[in-house]
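Observations on the model geometry
What follows is each chain in one-letter form.
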Amino acid sequence: MNDNELKQQLQNSLQSMQGNDLPGFDAAWANAEKRHLASRSRYQRFAGFAAAAAVAAIAFMMWPLNGNNVTDIYLTEEDLMSSTQWMAPSDSLLPEHQFDIYGELPLLIETNDLDEGPLL
Amino acid sequence: MKDDDALKDNPHVSRQALEAIHSQLFGWALTRCGFDRAAAEDLMQEAYVAVLSGAARFDNKSSLKTFLFGVVHNLARSRFRQIALRMRLVTTYAAGAEEDAPHEVKADEMEIRQVWKAVESLPARQRDVTELVFCRDMTIEEAAAVMGVTVGTGRVHYDRAKKALAGKLGALRETD
């Protein structure tokens, strides 16, 4: 049996197995588009819900700060009037240790001590 | 290829081009699902959704036909692996029952179907390369791309499949 005979035989056989009434492209395409749109809107709903949840979580985490710390500590009239000292709220974020740039930094850069780690 | 009706997320694919190979692609999906039409239609829709969403992106490196056959093949392998296994088991055990009812199918049609049964008895890759080359008019290179194997491996499977089929079909003729 040569290749052409084999090909003919196989094609006839497959044709017989799969039948002639194949579904139309339009119906298959329309269903696929419907599924695609459904999955996209599902994804959008999920993304919207996740974004809303994230915003709610951030608002919930920041609420005690706004409510208690800032208002009570820094804007009490009595505290302001009974003292001659005042510290800006942002000062609390400053590091306690202040570098002497003439005294400390040159030492750090020039050191060859490996115990300090591979700084240079 | 860039047509007017090109897809948004897959600019090298057009609806028209998909329509042109739809019937061949459905035939391929049908054999992937053991000739279960409902499963094949579902598989086709999955493939079209993958193309529509850009999850399967065609970049013009092969022909569209090769690409889509590969998409269907991969989807069938990943999503219908378990179903296919079950179906194979069912068809194996139902084979006896099918033979018990020969009056439903004409004798000459039965003979034609025996040929495909011979193909189905081949190992999976030999079966795939046989279908792609002989029934879907692909070259061995294209068939290898669809199956995700090298061209050399594709050739080996093709040769083995041809030899095995010649033996099986010869035996079928002798029994007739």
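Computed from a predicted model, the values in this text were never measured in an experiment.

With that settled, consider the overall build of chain B. Within chain B, the regular secondary structure consists of nine helices and zero strands. In sequence order, the secondary structure elements of chain B are arranged as α-α-α-α-α-α-α-α-α. Buried positions account for 34% of the 176 residues belonging to chain B. In chain B, 59% of the contacts between residues at least 6 apart in sequence involve partners at least 24 apart.

Let us look at the overall build of chain A. Tallying secondary structure elements over chain A gives four helices and zero strands in all. The order of α-helices and β-strands along chain A, N terminus first, is α-α-α-α. Relative to its 120 residues, chain A shows a buried fraction of 6%.

What follows covers the environment of Arg77 of chain B. Residues and elements named next belong to chain B. One can find Arg77 in helix α4 (residues 64–79). We classify Arg77 as partly exposed; it has 14 C-beta atoms within 10 Å. Placed 45 residues apart in sequence, Arg77 and Arg32 show a C-alpha to C-alpha distance of 8.5 Å.

All names here are of chain B. Although it is not a glycine, Phe35 adopts a positive phi angle of roughly 65°. Mapped onto the elements, Phe35 comes out in the loop between α2 (22–32) and α3 (37–53). Of note, Asn60 is a non-glycine position whose phi angle comes to about 65°, a positive value. Its place among the elements puts Asn60 in the loop between α3 and α4.

This next bit is on the packing of α2 of chain B against α3 of chain B. All names here are of chain B. Put simply, α2 and α3 touch, their axes get as near as 8 Å, and they point 125° apart. Our classification of the angle between α2 and α3 gives oblique. For the crossing formed where α2 meets α3, the hand is right-handed. For the pair α2 and α3, the contacting residues are Leu25, Phe26, Ala29, Leu30 and Arg32 in the first and Arg37, Ala40, Leu43 and Met44 in the second. For the contact of α2 with α3, the residue count by class is seven nonpolar, no polar and two charged.

A word on the interface of chain A and chain B. Across the contact, 22 residues belong to chain A and 27 residues belong to chain B. Taken together, the elements giving at least two residues each to the side of chain A that touches chain B come down to α1 (3–18) and α2 (25–74) of chain A. Class assignment of the residues belonging to the side of chain A that touches chain B gives a composition of 11 nonpolar, eight polar and three charged.

Averaged over every residue, the pLDDT of chain A is 78; residues scoring 70 or more account for 75%. Predicted confidence in chain A is weakest over helix α4 (residues 105–110) of chain A, with a mean pLDDT of 63, and strongest over α1 of chain A, with 85.

Here we come to α3 of chain B. Residue and element names in this part refer to chain B. Taking 1.5 Å of rise per residue, 17 residues should cover 24 Å, and α3 covers 24 Å from first to last C-alpha, within 8% of that figure. Listing the buried residues of α3 in full gives Ala40, Leu43, Met44, Gln45, Glu46, Ala47, Tyr48, Val49, Ala50, Val51 and Leu52. Looking one or two residues past α3, Gly54 carries a phi angle of roughly 85°, positive in sign.

This brings us to the confidence of the model for chain B. Residue and element names in this part refer to chain B. For chain B, the mean per-residue pLDDT works out to 83, and 84% of the residues sit at or above 70. In the predicted structure, residues 99–103 sits below a pLDDT of 50 and forms one contact with residues beyond four places in sequence or in another chain. Of the two predicted TM-score estimates for the complex, the pTM is 0.66 and the ipTM is 0.74.

For the rest of this paragraph, the subject is the packing of helix α8 (residues 140–147) of chain B against helix α9 (residues 151–175) of chain B. All names here are of chain B. Two elements in contact, α8 and α9, have axes separated by 8 Å at closest approach and are oriented at 105°. Considering the angle they form, α8 stands roughly perpendicular to α9. When α8 is examined against α9, the residues Ile140, Glu141, Ala143, Ala144 and Met147 are found in contact with a partner set consisting of Val151, Thr153, Gly154, Arg155 and Tyr158. Of the residues in the contact of α8 with α9, the class split is six nonpolar, two polar and two charged.

All names here are of chain B. In a regular helix each residue adds 1.5 Å, so 12 residues correspond to 16 Å; helix α7 (residues 124–135) covers 16 Å between its end C-alpha atoms and thus fits that length. The element α7 is largely enclosed, with a buried count of nine among its 12 residues. For α7, the full list of buried residues reads Gln126, Asp128, Val129, Thr130, Glu131, Leu132, Val133, Phe134 and Cys135. Positive phi shows up at Asp137, right after α7, with a value of about 55°.

All names here are of chain B. Mapped onto the secondary structure, Leu75 falls in helix α4. Note on Leu75: 20 C-beta atoms within 10 Å, which makes it buried. In sequence terms Leu75 and Ala50 are 25 residues apart; their C-alpha atoms lie 9.5 Å from each other. Not counting residues up to four positions away in its chain, the partners in contact with Leu75 are Leu43, Glu46, Ala47 and Ala50.

Rules used in this analysis
Residues numbered from 1 in each chain as written. Chains lettered and ligands numbered in written order. Predicted model: local features only at pLDDT ≥ 70, side-chain atom pairs only at ≥ 80, totals over all residues. Helix = DSSP H or I, 4+ residues; strand = E, 2+ residues; numbered from the N terminus. Buried ≥ 20, exposed ≤ 12 C-beta atoms within 10 Å, placed from the backbone. Contact = placed C-beta atoms within 7 Å. Axes fitted to C-alpha atoms, helices over the stretch in contact; angles between N-to-C directions. Parallel < 35°, antiparallel > 145°, perpendicular 65-115°, else oblique. Left-handed = near helix turned anticlockwise from the far one by under 90°. Nonpolar A, V, L, I, M, F, W, Y, C, P; charged D, E, K, R; others polar. pLDDT = per-residue confidence, 0-100. Expected span 1.5 Å × (residues − 1).

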